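Understanding the architecture of this molecule
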Amino acid sequence: MKIAVVGTGYVGLVVGACLAESGNDVICVDKDASKVRMLRRGQIPIYEPGLEEIVRRNKAESRLTFTTDLPKAVKASQIVFIAVGTPQGEDGSADLQHVLGVARDVARAMDGYRVIVNKSTVPVGTAEKVREIVRRETTHPFSVVSNPEFLKQGAAVDDFMKPDRVVIGAEDPRGAELMVALHKPFTRTGAPIMVMDCASAELSKYASNAMLATKISFMNEIANVCDAFGADVDLVRQAVGSDRRIGTSFLFPGVGYGGSCFPKDVKALVRFSSDKKYEFKILKAVESVNELQKRVLVKKIDAHFKGNLKGKTIAVWGLAFKPKTDDMREAPAVPIINTLLEKGAKVQAYDPEALKVARGIFGSKIAYASKPYDALRGAHALAVVTEWQEFREPDFVKMRKLLAEPVIFDGRNIYDKAQMKSHGFTYHSIGR
Ligand SMILES: NC(=O)c1ccc[n+]([C@@H]2O[C@H](COP(=O)([O-])OP(=O)(O)OC[C@H]3O[C@@H](n4cnc5c(N)ncnc54)[C@H](O)[C@@H]3O)[C@@H](O)[C@H]2O)c1
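Residues numbered from 1 in each chain as written. Predicted model: local features only at pLDDT ≥ 70, side-chain atom pairs only at ≥ 80, totals over all residues. Heavy atoms only, no water.

**Details of the overall build of the protein**
- Secondary structure assignment for the protein yields 16 helices and 14 strands.
- A compact globule built from 432 residues would reach a C-alpha radius of gyration of about 22 Å, and the protein, at 23 Å, matches this within 12%.
- In the protein, the proportion of contacts linking residues at least 24 apart, taken out of those at least 6 apart, comes to 73%.
- Element-wise, carbon and sulfur atoms account for 52% of the exposed surface of the protein, whose accessible area totals about 19,400 Å².
- A gap of 2 Å separates the mean positions of the 63 positive and 51 negative side-chain charges of the protein. (Helix = DSSP H or I, 4+ residues; strand = E, 2+ residues; numbered from the N terminus. Rg over C-alpha atoms; globule rule 2.2 N^0.38 Å. Contact = heavy atoms within 4.5 Å. Areas by Shrake-Rupley, 256 points an atom, 1.4 Å probe, with all protein chains shown as cover. Lys, Arg positive; Asp, Glu negative; His and termini not counted. Charge placed at Lys NZ, Arg CZ, Asp CG, Glu CD.)

Laid out in structure tokens, this is it:
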């Protein structure tokens with residue numbers, strides 16, 4: 001099929017590359033000319049495992065191209081995906097200006113039937129808004145489809161290639177049939193393609209993210225109660241997770257959730273529910289627990305140094321909001337580092353992929369290490385903020401030698417308490 005994907009960010013680039021990988025001709029559109037130039041040169045603007053290879057392969061085989069020319073891309077395509085950002089607006093609602101603006105531009109460029117697909121995460125009722133705009137701007141026939149994306153950053157290519165499910169919201173069979181056909185190659189192992197009305201499809205995405213955020217905040221609160229009573233959240237987590245009704249995933253406490261999706265999607269769901277006079281009480285609590293949780297690690301650091309962080313140097317391992325991405329949008333590392341700086345501490349940070357992004361956020365306010373052990377040199381403590389694989393089995397003897405004081409604050413519970421003790425570290429973690 002001939003596909004255009006408008007918005008070539010974390011979602012659009014993965015969707016475009018994966019659709020090209022299954023044999024479609026894909027044009028990726030972005031308004032950011034420098035991003036398009038990079039992609040044309042074969043450079044990938046983000047870090048996402050496996051993405052570079054499929055972009056390179058499909059680009060070389062001319063199935064994947066990049067442009068800033070939206071009208072040309074629309075004219076060459078049967079299906080147009082809208083994958084632009086839906087950032088949080090001032091009142092917590094999703095800001096739809098990019099989505100609706102693209103819908104208008106797509107409609108103006110149409111020269112025949114098109115399927116217009118909302119891939120961006122958008123509040124219930126957006127498909128209807130897009131439909132109205134397109135209807136106003138063109139006399140050509142069209143279908144508007146909601147096709148929320150469930151990929152996880154860090155495993156995005158795999159998630160798109162082998163989805164747990166594909167959700168297609170459609171009000172007419174023509175658009176739905178084309179979308180089902182497009183996704184068939186990705187669901188051969190039996191993952192369901194669920195065709196439903198647009199409102200249900202739109203809500204499915206928010207409900208999934210909100211449920212995951214709820215699990216995280218719930219376990220963070222259990223961890224805090226463990227701390228209060230001297231219980232061990234690892235043991236509690238295993239006991240709880242072995243109940244098949246609950247399951248083991250997303251039960252790991254930490255420094256709070258971040259990223260470009262959970263925080264804004266939780267807020268948006270609260271907000272658009274309130275538009276219908278429904279107060280989403282659980283999610284309001286999920287959000288406030290998460291805000292508090294981002295402070296837990298600094299509280300522990302502050303308590304250890306008896307409220308005096310002036311002149312102390314804290315090494316930070318992990319800046320990205322989660323491993324295997326360079327994304328620092330809403331990353332807990334940001335408030336953690338800012339609070340340490342406010343309290344007079346110095347920060348030496350290391351992250352395998354997010355250093356460039358971090359430089360854009362902190363500038364010269366912190367020091368950057370290009371190797372993990374360099375961050376430890378002379379530091380009075382290490383704070384582990386993101387659980388990258390390479391932090392899991394480090395050389396503890398070397399770490400002890402490099403640190404000025406053998407103190408570790410483990411915001412992700414990646415180390416074994418007994419091992420820490422045997423290596424002579426003072427060790428603080430979450431709920432253990
Ligand atoms: N990041 C994720 O893990 C993820 C997962 C599922 C769904 N989503 C949703 O997908 C959407 C996109 O998220 P993202 O993380 O890819 O965002 P992003 O910010 O990485 O990418 C958005 C891209 O759209 C481009 N853009 C904006 N306006 C444009 C316009 N008018 N014309 C052409 N290009 C334009 C931007 O330049 C940018 O490159 C959001 O709604 C998000 O909630 C994200």
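Anyway, onward from the coordinates.
**What to know about the pairing of strand 8 (residues 193–196)**
- The pairing of strand 7 (residues 166–170) with strand 8 spans four bridges and is classified as parallel. Counterpart to Gly169 in the pairing with strand 8 is Met196.
- Viewed along the sheet, the connection from strand 7 through helix 8 (residues 173–183) into strand 8 turns out right-handed. (Pairing = 2+ DSSP bridges. Right-handed = clockwise from strand over helix to strand, strands pointing away.)

**Concerning the pairing of strand 9 (residues 313–317)**
- Counting buried residues along strand 9, five of its five residues qualify, which places the element largely inside the surrounding structure.
- Across the two faces of strand 9 the burial is the same, with Thr313, Ala315 and Trp317 and Ile314 and Val316 all buried.
- In the sheet, strand 9 pairs with strand 10 (residues 346–350) via five bridges, with the strands oriented parallel. If you follow Thr313 over to strand 10, its bridge partner there is Lys346.
- In this fold, strand 9 hands off to helix 13 (residues 333–342), which returns the chain to strand 10; that crossover is right-handed. (Buried < 20%, exposed > 50% of the residue type's maximum accessible area, 1.4 Å probe, protein only.)

**Looking at the sheet that holds strand 8**
- Strands sit in the order 3-2-1-4-5-6-7-8 across an open sheet of eight strands; the sheet is mixed. Sheet topology places strand 3 (64–67) and strand 8 at the edges, where each strand pairs with a single neighbour. Put simply, the sheet's adjacent strands are angled 25 degrees from each other on average, direction ignored.
- The sheet contact formed by strand 1 (residues 2–6) and strand 4 (residues 79–82) spans four bridges and is parallel. In the strand pairing of strand 4, Val5 is matched with Phe81.
- Helix 6 (residues 126–137) rests against strand 5 (114–118) and strand 6 (142–146) of the sheet, and its axis sits at about 160 degrees to strand 6.
- Sitting on the sheet, helix 9 (residues 198–229) touches strand 5, strand 6, strand 7 and strand 8, and the angle it makes with strand 7 is about 145 degrees. (Axes fitted to C-alpha atoms, helices over the stretch in contact; angles between N-to-C directions.)

**Quick look at the side chain of Ser217**
- When you line up the elements, Ser217 lands in helix 9.
- For Ser217, the residues in contact, after removing those within four places along its chain, are Tyr257, Val286, Val289 and Asn290.

**Concerning the layout of surface pockets**
- Volume-wise, the second largest pocket comes out at about 260 Å³.
- Forming the walls of the second largest pocket are 14 residues, and the residues nearest its centre are Pro123, Val124, Lys129, Phe272 and Asp275.
- The element contributing the most residues to the lining of the second largest pocket is helix 11 (residues 262–275), with five residues.
- For the lining of the second largest pocket, the residue count by class is six nonpolar, four polar and four charged. (1 Å grid on protein atoms, 1.4 Å probe; cavity = no way out; pocket = protein on both sides within 12 Å on 5 of 7 lines; lining within 4 Å. Points joined across faces, edges and corners; volume = space filled by probe spheres on them. Nonpolar A, V, L, I, M, F, W, Y, C, P; charged D, E, K, R; others polar.)

**Section: the packing of helix 5 (residues 97–109) against helix 6**
- Interhelical geometry of helix 5 versus helix 6 gives an angle of 35 degrees and a closest axis separation of 8 Å. Classified by chirality, the crossing of helix 6 by helix 5 is right-handed. Along the contact surface, helix 5 presents Val99, Leu100, Ala103, Arg104, Ala107 and Arg108, while helix 6 presents Thr126, Lys129, Val130, Ile133, Val134 and Glu137.
- Across the contact of helix 5 with helix 6, the residue classes break down as seven nonpolar, one polar and four charged. (Left-handed = near helix turned anticlockwise from the far one by under 90°.)

**As for the packing of aromatic side chains**
- A complete count under the given rule lists ten aromatic pairs for this structure.
- Summarising the aromatic geometry, the rings of Trp317 and Tyr373 are spaced 6.2 Å apart at their centres and angled 80 degrees between planes, so their arrangement reads as edge-to-face. Here Trp317 is found in strand 9, whereas its partner Tyr373 is found in the loop between strand 11 (367–368) and strand 12 (381–384), with 56 residues between them in sequence. Like Trp317, the residue Tyr373 is buried in the burial classification. (Phe/Tyr/Trp six-rings, centres within 6.5 Å; stacked < 30°, edge-to-face > 60°.)

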